[in-house]
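Inside the fold
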Amino acid sequence: MEVQLPANFFMGAAISGPQTEGAYKTGGRLESIWDTWSDQSISDFYNRVGSYVGNCFYEKYEEDIRLMKSLGLDSFRTSIQWSRLMDKNQNVNPQGAGFYHRVCACAKEHHIELFMNLYHFDMPAYLFDRGGWESREIVEAYAAYARAAFREFGKEIRYWFTFNEPIVEPDQRYRTGNWYPFIKNARRGMQVQYNLSLAHCLAVSEFYKAKKEGYLLEDAKIGLINCFAPPYTKENPSPQDLEALHMEDGINNRWWLDLVTEGRLPQDILDTLKERGMEVEMRPGDEEILKMGKVDWLGFNYYHPSRVQAPARTTDDNGDPVFSDPYIWPEAKMNVYRGWEIYPKGIYDFGMKMKREYPKLAFFISENGMGVEHEERFRDESGQIQDDYRIEFVREHLKWVLKAVQDGAQCKGYHYWGLIDNWSWNNAFKNRYGMIEVDLNGGYARRLKKSAAWIQQLIADREK
């Protein structure tokens, strides 16, 4: 094959609890913010498919883990749902804990390493009603949840992550207002980003306390997963274009990278935010909390680059600062279904940034995948979806990943998102990402797509 995996490079898949489990009223699970939105306005969801069903992982986890094993995958990442593990008194819900213990046991039985994330955009609704991530009380509640999870599953899970894509909720719920409750206030969004940073740090602190007290495996690791979009601007940029690039990189990338490597936030970005009326509320003692945020390694979700240029105006219609405008690269190749640029070299450029600027921090590709609408168009006479476009997407990205490794990047492995078609927020099942099809009209039956056989062969042909 054109790509050959190194012998010590792990290969797996990523999913999340709220996008796969379903069973939203089973076993004492509390209402999440997605259930609230689904209840209030189901028409906001593609084909009126709300948060309730996922892809039936709660019922089919054994089948799904066996499928992963049959393809040769050695690891997979999912998430605990806060709303399933904890009750309203912040005590562990035994029924919810029981489900995750069963998942852990099944993964162990099939010799698949389980990576566990603690939060994937799915806050319990009662906590959102008490202020959500704008409230320091909820930051403390998250730390208590993390403490409970580490102690409950510490001898079963080796690799932990505090958050998946902590940049997304500040954007989607607050800055753009695309997600419920549609706030559209960039200042509040920036405070949410800051509070999420504190929550991450407190969870990391709880991890190391639990490890010191013997609750965790001796070789357990803690990390953060974020969607880093390598930023680019025009070929002949103006100083204003370069400043836009600087802010894009600072708010979305360096913010998190500095936090997890140095235990602080980039001061130049904080200063600019203050100058532009976007200062975050920092309390006495916060600097010490931020110092706790250093991690063992990093998850890098990559789907597309970020291309920016100087903004046409300094403030938006709400009076909030505008730091950049989108730049449309004339040579861009697009995934027309998702509206995202396909740029495999971006994954290499980020690897080189890590090598130059954060050389001590290992990372892995924690998500990379291609969503396509109406995949039934590509079904052959046997009934199998011929997703050659997905094979090409993964192959080209893996080429750049492995080149980054060859050139000195500390990239340890790759997880494809999402191996099995899953529910994706208010897009529901509009765009399918899976190498395994889910039949929504046939009891959520699983069927292998062409790409599943391809990745199976890729893994079988790895270096010995």
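This structure is a prediction, so every number in the text was calculated from the model and none was measured. (Residues numbered from 1 in each chain as written. Predicted model: local features only at pLDDT ≥ 70, side-chain atom pairs only at ≥ 80, totals over all residues. Heavy atoms only, no water.)

When its secondary structure is counted, the chain shows 15 helices and 17 strands. A compact globule built from 464 residues would reach a C-alpha radius of gyration of about 23 Å, and the chain, at 21 Å, matches this within 12%. With the principal axes as the frame, the chain shows a C-alpha extent of 60 × 55 × 45 Å. For the chain, contacts bridging at least 24 residues in sequence account for 77% of all contacts bridging at least 6. Positive and negative side-chain charges in the chain, numbering 58 and 68 respectively, have mean positions lying 2 Å apart. (Helix = DSSP H or I, 4+ residues; strand = E, 2+ residues; numbered from the N terminus. Rg over C-alpha atoms; globule rule 2.2 N^0.38 Å. Contact = heavy atoms within 4.5 Å. Lys, Arg positive; Asp, Glu negative; His and termini not counted. Charge placed at Lys NZ, Arg CZ, Asp CG, Glu CD.)

This part takes up the pairing of strand β2 (residues 75–79). The element β2 is largely enclosed, with a buried count of five among its five residues. In β2, alternate side chains face the same way, and those of Ser75, Arg77 and Ser79 on one face and Phe76 and Thr78 on the other are all buried. The pairing of strand β1 (residues 10–14) with β2 spans three bridges and is classified as parallel. Note that in β2 the partner of Ala14 across the bridge is Arg77. (Buried < 20%, exposed > 50% of the residue type's maximum accessible area, 1.4 Å probe, protein only. Pairing = 2+ DSSP bridges.)

This brings us to the sheet that holds strand β5 (residues 221–227). Across a sheet, strands are paired by hydrogen bonds formed along the backbone, either parallel or antiparallel in direction. With parallel pairing, eight strands are arranged side by side around a closed barrel as β1-β2-β3-β4-β5-β7-β12-β14. Neighbour-to-neighbour, the strand axes of this sheet turn through a mean angle of 30°, independent of strand direction. Across five bridges, β2 lies against strand β3 (residues 113–117) in parallel orientation. Directly across from Phe76, in β3, lies its bridge partner Leu114. (Axes fitted to C-alpha atoms, helices over the stretch in contact; angles between N-to-C directions.)

Moving on: the packing of aromatic side chains. Counting across every chain of the model gives 56 aromatic pairs. Aromatic side chains Trp37 and Phe182 sit 5.4 Å apart centroid to centroid with 80° between the ring planes, which places their arrangement in the edge-to-face category. Placement of Trp37 in helix α2 (residues 33–40) and of Phe182 in the loop between α8 (168–175) and α9 (186–212) is noted, with a sequence separation of 145 residues between them. Assessed through its relative accessible area of 2%, Trp37 is described here as buried. Each residue in the set Trp34, Trp37, Phe45, Phe121, Trp179, Tyr180, Phe182, Trp423 and Trp425 is aromatic and connected to the rest through ring pairs, giving one cluster. (Phe/Tyr/Trp six-rings, centres within 6.5 Å; stacked < 30°, edge-to-face > 60°.)

Once that is clear, we can look at the sheet that holds strand β6 (residues 231–232). If you trace the three strands from one edge of the open sheet to the other, you get β6-β8-β9, paired in mixed fashion. Taken across any chain shown, the strands that pair with only one partner, and hence form the sheet edges, are β6 and β9 (325–326). Two elements, strand β8 (residues 306–309) and β9, share two bridges in a ladder whose sense is antiparallel. Within the sheet, the bridge partner assigned to Gln309 lies in β9 and is Asp325. Along the sheet, helix α10 (residues 239–262) contacts β6 and β8; its crossing angle with β8, the most-contacted strand, is approximately 140°.

So, about helix α13 (residues 345–357). Spanning 13 residues, α13 covers 18 Å between terminal C-alpha atoms, matching the ideal 18 Å at 1.5 Å per step. Listed in full, the buried residues belonging to α13 are Gly346, Ile347, Tyr348, Asp349, Phe350, Gly351, Met352, Lys353 and Met354. Those residues of α13 hidden inside the fold are in contact with β6, α10, β7 (297–301), β12 (362–367) and α14 (388–406). (Expected span 1.5 Å × (residues − 1).)

This part takes up the pattern of salt bridges. Taken as a whole and judged by the stated rule, the model has 39 salt bridges. Salt-bridge contacts for Arg147 lead to Glu206; the nearest nitrogen and oxygen are separated by 3.0 Å. With Arg147 in helix α7 (residues 136–153) and Glu206 in helix α9, the pair connects residues that are 59 residues apart, well separated along the chain. On the basis of relative accessibility, which here comes to 34%, the residue Arg147 falls in the partly exposed class. We classify Glu206 as buried; its relative accessible area is 7%. Among the ionic pairs, Glu281 bridges to Arg283, the shortest N-O distance being 3.3 Å. The exposure class of Glu281 is partly exposed, given its relative accessible area of 44%. Each of Glu375, Asp387, Arg390, Asp421, Arg432 and Lys449 takes part in a single network of salt bridges with overlapping partners. (Salt bridge = Lys/Arg side-chain N within 4 Å of Asp/Glu carboxyl O.)

Within the largest apolar cluster, 151 residues are counted, with the highest numbers of intra-cluster contacts made by Phe76, Ile80, Trp82, Trp133, Tyr142, Trp160 and Leu298. The element contributing the most residues to this core is α9, with 13 residues. Those residues within four positions of Leu298 in sequence are excluded, and the remaining contacts are Leu224, Phe228, Leu257, Val260, Phe350, Met354, Leu361, Ala362, Phe363 and Phe364. One finds Phe115, Tyr159, Trp297 and Phe364 within the second-largest nonpolar core, a separate group that totals eight residues. (Core = buried A, V, L, I, M, F, W, Y, C linked by side-chain atoms within 4.5 Å.)

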